[in-house]
Amino acid sequence: MLDITYIREHTERVKKSILAKNKAVDIDRLLNLDVERRSLTQAIEALRQERNTLSTQLNGGKPETATIERGQQLKSELAELETRYDEVIREYDILLESVPNVMAESVPLGADESGNQVLRQWGEVPEFDFPVRDHVELGETLELIDIERAVKVSGARFNYLKGDLARLQFALVQFVFNIVSDEDLIAKLVADGQLNISTKAFVPVVPPMLVRPETMQRMARLEPKEDRFLTTDEEFVLVGSAEHSLGAMHMDEIIEASDLPLRYIAFSGSFRREAGSYGKDTRGILRQHQFDKLEMEAFSTTETGEGEHRLMVALQEHIMQQLELPYQVVAICSGDMGGPDYLQTDIETWLPGQQLYRETHTADYMTDYQSRRLKTRYKQAGETHYVHMNDATGLAIGRTLIAIIENYQTRAGTIRIPRVLQALMGKEEIV
């Protein structure tokens with residue numbers, strides 16, 4: 001969430017961000033509640049001090065009648081003010097938590113995804129001299145994907161990955177782990193991007209996939225709740241991405257500035273109801289209730305937060321270039337970005353079966369918006385600050401498998417394996 005002091009001092013910027021992100025929050029009401037909250041706090045503290053003084057007098061001997069009457073009056077006045085304070089703080093907290101983050105000046109303005117801007121493209125879109133097959137046809141023909149049996153077992157939007165496609169998934173996991181653990185490569189990307197940040201490697205993590213709802217709320221990722229899978233007693237939420245448990249790792253902690261940045265790469269299952277996507281991307285494995293992802297998370301100082309974002313995008317591009325998959329980098333506009341985001345950059349990869357670029361990566365820079373709710377802080381020169389947080393897709397595995405299947409298909413109906421994965425797979429082609 002935003003600091004209320006920041007909202008008071010930058011009211012117009014906050015209001016503009018709310019409108020640009022298509023949100024609706026009554027900032028004037030929030031500020032009025034803030035004034036009342038502070039006034040009530042002062043009044044309650046003054047009455048409590050007076051009550052303490054009276055308590056000393058009442059315990060010091062035979063009190064005067066006026067003192068006793070004032071003590072009774074104080075009790076009534078305090079109860080009334082505290083009741084009103086509780087009412088104010090409930091509404092105040094709801095409004096404050098609903099205020100989205102402000103945006104970077106570079107974020108393009110737009111009402112929806114049509115306002116996103118392509119920043120650059122890499123690779124050549126493949127041209128085939130034979131009829132292109134999509135991943136479903138190829139996957140079923142080669143007995144790599146079984147959707148029919150998954151529907152029988154689990155229902156719509158589930159699948160089995162089999163044989164060499166299952167092996168290819170874990171080759172991708174190992175491939176990405178190797179890249180983000182390579183300090184020499186990170187040092188090169190930092191130098192190429194002229195980034196004034198650490199060259200520390202990412203630490204591989206296998207995180208929990210069940211988290212408490214209050215943890216998701218503190219991550220500002222519980223809503224929209226209808227898109228989450230919750231246990232029947234609502235004790236746990238299944239994560240929609242590894243960031244949901246990874247970003248909360250250090251909540252309620254104070255980290256030494258010398259230990260920053262903390263960088264992690266997590267492999268996890270992800271679960272989404274896909275509410276509101278009825279009839280959308282129903283063919284194949286593009287939009288599923290259960291899928292696997294590699295997710296990066298970084299905790300940094302205030303000064304290096306944006307540099308971490310640039311590094312993550314550079315790593316995403318390096319991964320796609322090594323896989324030799326054509327892609328484009330997209331600046332996400334105000335109306336399409338998440339509420340906690342200060343800056344969002346996506347990568348869309350070419351899928352020949354759809355003749356479209358489709359999102360495979362996203363990188364979100366939240367500044368201290370999440371850490372303020374999580375109370376994740378760092379200590380520097382005797383002062384305590386909130387860390388700046390970044391998360392970014394290392395690899396959306398299902399969508400990357402689709403891209404490999406469709407871009408590497410052959411006339412014979414086989415699938416060539418990207419060169420960087422052939423040693424891990426022990427073969428050059430899936431037949």
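The structure this text deals with has already been given above.
If you're wondering where the values come from, they're calculated on a predicted model, not measured in any experiment.

Caption draft 1: Region of interest: the sheet that holds strand 5 (residues 210-211). Strand order in the open sheet formed by three strands is 5-7-6, and the pairing between neighbours is antiparallel. Each edge of the open sheet carries a strand with a single partner, namely strand 5 and strand 6 (229-230). Relative to strand 7 (residues 237-238), strand 6 runs antiparallel, the two sharing two bridges. Bridge pairing links Phe229 to Leu238 in strand 7.

Caption draft 2: Region of interest: the sheet that holds strand 13 (residues 356-367). Read from one edge of the open sheet, eight strands run 1-11-12-13-16-10-9-4, paired in mixed fashion. Sheet topology places strand 1 (117-122) and strand 4 (203-205) at the edges, where each strand pairs with a single neighbour. Pairs of neighbouring strands in the sheet enclose a mean axial angle of 25°, with direction left out of account. Where strand 1 and strand 11 (residues 327-331) come together, five bridges link them in antiparallel fashion. Among the inter-strand pairings, Gln121 is bridged to a residue of strand 11, identified as Gln328.

Caption draft 3: Focus on the side chain of Glu317. Inspection of the secondary structure puts Glu317 in helix 11 (residues 305-322). Of the polar contacts made by the side chain of Glu317, one reaches the side chain of Arg120; its length is 2.6 Å. Within the structure, Glu317 has its side chain in polar contact with the side chain of Tyr327 (distance 2.6 Å). Those residues in contact with Glu317 that sit more than four places away from it in its chain are Arg120, Tyr327, Val329 and Ile347.

Caption draft 4: Spotlight on the packing of aromatic side chains. Summed over all chains, the structure comprises six aromatic pairs. With a centroid separation of 6.3 Å and 80° between ring planes, the pair formed by Tyr264 and Phe299 is classed as edge-to-face. Taken together, the residues Tyr264 in strand 9 (residues 262-271) and Phe299 in strand 10 (residues 290-300) connect sequence positions 35 residues apart. As far as burial versus exposure is concerned, Tyr264 and Phe299 are alike and both buried. Ring plane angle 70° and centroid distance 5.1 Å describe the contact between Trp350 and Tyr357, whose orientation is recorded as edge-to-face. For the pair Trp350 and Tyr357, one class covers both residues: buried.

Caption draft 5: Fine view of unusual backbone geometry. With an omega of 0°, the peptide bond running from Glu223 to Pro224 counts as cis. Residue position: Pro224 is located in the loop between helix 9 (213-218) and strand 6. Note the cis peptide between Leu260 and Pro261, where omega equals 0°. Within the secondary structure layout, Pro261 lies in the loop between strand 8 (254-256) and strand 9. The phi angle at Lys375 is positive, at roughly 60°, despite the residue not being glycine. Relative accessible area serves as the criterion here: at 42%, Lys375 is assigned to the partly exposed category.

Caption draft 6: Region of the structure containing the side chain of Ser17. By the element assignment, Ser17 lies in helix 2 (residues 11-20). Those residues in contact with Ser17, other than ones at most four positions away along the chain, are Asn101, Val102 and Met103.

Caption draft 7: Just the environment of Val88, in detail. By secondary structure assignment, the location of Val88 is in helix 4 (residues 65-98). On a C-alpha basis, the gap between Val88 and Leu222 in space is 24 Å, while along the polypeptide they are 134 residues apart. In this view, Val88 contacts Leu33, Glu36, Arg37 and Leu40; residues no more than four positions away in its chain are not counted.

Reading the values: rules and limits
- Residues numbered from 1 in each chain as written.
- Predicted model: local features only at pLDDT ≥ 70, side-chain atom pairs only at ≥ 80, totals over all residues.
- Heavy atoms only, no water.
- Pairing = 2+ DSSP bridges.
- Helix = DSSP H or I, 4+ residues; strand = E, 2+ residues; numbered from the N terminus.
- Axes fitted to C-alpha atoms, helices over the stretch in contact; angles between N-to-C directions.
- Polar contact = N/O pair within 3.5 Å; in protein donor to acceptor, adjacent residues only side chain to side chain.
- Contact = heavy atoms within 4.5 Å.
- Phe/Tyr/Trp six-rings, centres within 6.5 Å; stacked < 30°, edge-to-face > 60°.
- Buried < 20%, exposed > 50% of the residue type's maximum accessible area, 1.4 Å probe, protein only.

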